[in-house]
Amino acid sequence: RLAALLSCLALAVVEAKAWFGATPPKVDHTFHRRGWTSCALCGGAERLGATVEVGNLRELDAAGASTLLDAVRAHGVVVVKGQNLTRAQQVEFTAALGETVVLPSSFEGKDPEPFHPAIQRITNFWANGTWKGPTARFGAYWHQDGQFWQPPRHNILSILHAQETPPSGGETGFADLRAARHTLSAPLLARAANASIRTSVRQIADFAKGDEEDLAAFPDAEHPVLDAHWMDGGPLLYVGSPHMEVVGLETAEAGKALLTMLLMHATSPAFTYFHAWDVGDVLVWDNTQTLHHSFPYDNDGSAKRELYRTQARMRPAATKEEL
């Protein structure tokens, strides 16, 4: 009996570790993995990158949206395979997941999506079909989307849909901020306990050419480094990006040093998942519990990398009992 009890306790510990404080999903999902011998970039994340089967997203009903949202909350990032959404259909799908986020047009640079302000073009070709050149890149550093929104408006889901992909490369990497918090050492937990990140929309490199009027509409935001998930209360790290100011420590330099250590920890191989894109993939991820990073590909103008991003602000949390 004692052996059986110890075995059950050990299994419970393993299961708890696998979710790192997230409430497990109501439905089990398989993981999207290419295998160690097939991936160009390989990560060992335990939670991230589940495949969700909800059928054609153009016909998504309330039950399917609920399943998808629950999977994103539990897994951090999920993929729905084999989709072919128009821009209007992607915006409609986004609205089924939460409040559609529309950023000021000046934040989109010189490449807005015609007629769809909620869409952001993540592509190496302009909307008129001409190549942007070999240096075109977007989000090529570890970061969270939406950290410039004040709480609780920073609880943002990102939706990215692939219409064309290069023959190789161009992965999107993700890092698990629940797992990073769960495994943080006691000295680093104590060090981070009083720290917060302070961020400004002006610090976002991709928005550098925004109009002053648009930039001024976003007051600075502050988030505790040791935070909790809005929906299930699970602990997580909130680090934003390497560009953040960290307050609450002795000096700005001490804050930057802590941020560097936390980012190194959070993006270690044990916590990362690298998504290799197929045409038709729809990725949905929760920015409060993941970092993401775009990775390079051979951008010589011979192949398109055509992805479209939308964002949805999460609705108020269900109770833990409902989850």
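Our subject is the structure that appears above.
Scoring rules and cut-offs
Residues numbered from 1 in each chain as written. Predicted model: local features only at pLDDT ≥ 70, side-chain atom pairs only at ≥ 80, totals over all residues. Heavy atoms only, no water. Buried < 20%, exposed > 50% of the residue type's maximum accessible area, 1.4 Å probe, protein only. Helix = DSSP H or I, 4+ residues; strand = E, 2+ residues; numbered from the N terminus. Pairing = 2+ DSSP bridges. Axes fitted to C-alpha atoms, helices over the stretch in contact; angles between N-to-C directions. Disulfide = S-S within 2.5 Å. Core = buried A, V, L, I, M, F, W, Y, C linked by side-chain atoms within 4.5 Å. Contact = heavy atoms within 4.5 Å.

Colleague: How should the pairing of strand β15 (residues 290-294) be read in this particular structure?
Modeller: Each regular strand displays side chains that alternate between the two surfaces of the sheet. Along β15, five of the five residues are buried, which leaves the element largely enclosed by surrounding structure. As judged from the five bridges shared by strand β7 (residues 172-176) and β15, these two strands associate in the antiparallel manner. Paired with A175 across the two strands is L291, which belongs to β15.

Colleague: I would appreciate a short explanation of the sheet that holds β7 in the present structure.
Modeller: Overall, antiparallel pairing links the three strands, which are arranged β13-β7-β15 in an open sheet. Strands with a single pairing partner mark the edges of an open sheet, and in this sheet they are β13 (272-275) and β15. For this sheet the average axis-to-axis angle between neighbouring strands, irrespective of direction, equals 20 degrees.

Colleague: Looking at this structure, how should I read the state of the cysteines?
Modeller: Linking two cysteines covalently via their sulfur atoms produces the bond known as a disulfide. Here the structure, examined in full by the defined rule, presents one disulfide. Put simply, C39 and C42 are joined by a disulfide, and their sulfur atoms are 1.7 Å apart. Looking down the S-S bond of the C39 and C42 bridge, the torsion is 100 degrees, so its handedness is right-handed. The class for C42 is partly exposed, based on a relative accessible area of 29%.

Colleague: It is not clear to me how the nonpolar core should be interpreted in this structure. Could you clarify?
Modeller: Nonpolar side chains in soluble globular proteins generally cluster together in the buried interior. Counting residues in hydrophobic clusters, the biggest one holds 30 residues, and the most contacted among them are V225, L237, V239, L258, L262 and L291. Counting only elements with at least two residues in this core, the list comes to α4 (177-182), α5 (186-192), β11 (235-237) and α7 (252-266). Among the elements that make up this core, the one with the highest residue count is α7 (six residues). In contact with L291, not counting residues within four places along its chain, are W142, H143, Q144, G173, F174, A175, L177, V239, G240, L263, A266 and T267. In terms of nonpolar packing, the next biggest core, distinct from the first, is built from 21 residues, L68, L97, I159 and M314 among them.

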